[in-house]
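A structural walkthrough
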Amino acid sequence: ARLENSWGVGATYVTSAGDTALTIGGGIAAGEIANLNTQASADKGGFSIGLSAVTGDLTVGVGYGDGDTFVSSTAAGSNREVDGSVLKAGLSYVTGDITLAMGISAGEAKDSTTFGTPDTSDDSNDSTSASVTYAVASGVSAVLGYTTVDTSNDGSSSTDGGSAWYVGATMSF
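Keep in mind that what you see is a predicted model, and the values were worked out from it rather than measured. (Residues numbered from 1 in each chain as written. Predicted model: local features only at pLDDT ≥ 70, side-chain atom pairs only at ≥ 80, totals over all residues. Heavy atoms only, no water.)

**Regarding the pattern of salt bridges**
- What the rule picks out here adds up to one salt bridge.
- Of the charged contacts in the structure, one is a salt bridge between lysine 110 and aspartate 122, with a shortest N-O distance of 3.6 Å. Taken together, the residues lysine 110 in strand β6 (residues 98-112) and aspartate 122 in the loop between β6 and β7 (123-137) connect sequence positions twelve residues apart.
- Classification of aspartate 122 as partly exposed rests on a relative accessible area of 26%. (Salt bridge = Lys/Arg side-chain N within 4 Å of Asp/Glu carboxyl O. Helix = DSSP H or I, 4+ residues; strand = E, 2+ residues; numbered from the N terminus. Buried < 20%, exposed > 50% of the residue type's maximum accessible area, 1.4 Å probe, protein only.)

This is how it looks when you write it as structure tokens:
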């Protein structure tokens, strides 16, 4: 398979509403695919949109994307068409030397080995995370966080998910 042509366009708009700085952005893209053997009935394409708002020490962001693609492989019969979407949101609040952050991600897709006919069963990946970061010294921060992930494949729960606590440090020079 090869990409024959593609196009994309995007825009960002920045404004303010009182004390809140708003940024809105989005884009759309598409591409036509040619196969050496048979033409793929579904080409690659999708769109995304996002919004962020900053008010003082609070930042909130949300984004959504949706698209169609295919994954090809040299193994016979392993080409897969994928129709998917993802929603992500997060927030952070800074108070003195402490930053509190939380984020979620919810993605789902339908994949199929038959081009033009996606499966009827969803694959999904949903995650939630939260962290507290403390600025220990200039350029040095300590981090305590938690993440949980739930996944499913073709509508059935998957063992790829789980949850974890993490403790770490970041340094910048």
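**Some remarks on the pairing of β7**
- Bridge count between β7 and strand β8 (residues 140-153): 13 bridges; the pairing is antiparallel. Among the inter-strand pairings, serine 124 is bridged to a residue of β8, identified as serine 152.
- Two successive antiparallel strands, β7 and β8, enclose a turn made up of two residues, where glycine 139 displays a positive phi of approximately 85°. (Pairing = 2+ DSSP bridges.)

**What about the packing of aromatic side chains?**
- Inspection of every chain in the model, using the stated rule, returns two aromatic pairs.
- Ring geometry for phenylalanine 47 versus tyrosine 64: centroids 5.9 Å apart, planes at 50°, classification tilted. Placement of phenylalanine 47 in strand β3 (residues 44-55) and of tyrosine 64 in strand β4 (residues 58-71) is noted, with a sequence separation of 17 residues between them.
- Under the relative-accessibility criterion, phenylalanine 47 is labelled partly exposed at 38%.
- Taking the centre distance of 4.9 Å and the plane angle of 50° together, the rings of tyrosine 146 and tryptophan 165 count as tilted. Of this pair, tyrosine 146 sits in strand β8 while tryptophan 165 sits in strand β10 (residues 162-171); the two residues are 19 residues apart in sequence, bridging distant segments of the chain.
- Classification of tyrosine 146 by relative accessible area gives partly exposed; the value is 28%.
- Residue classification places tryptophan 165 among the exposed residues on the basis of a relative accessible area of 63%. (Phe/Tyr/Trp six-rings, centres within 6.5 Å; stacked < 30°, edge-to-face > 60°.)

The analysis is restricted to geometry; functional conclusions fall outside its scope.
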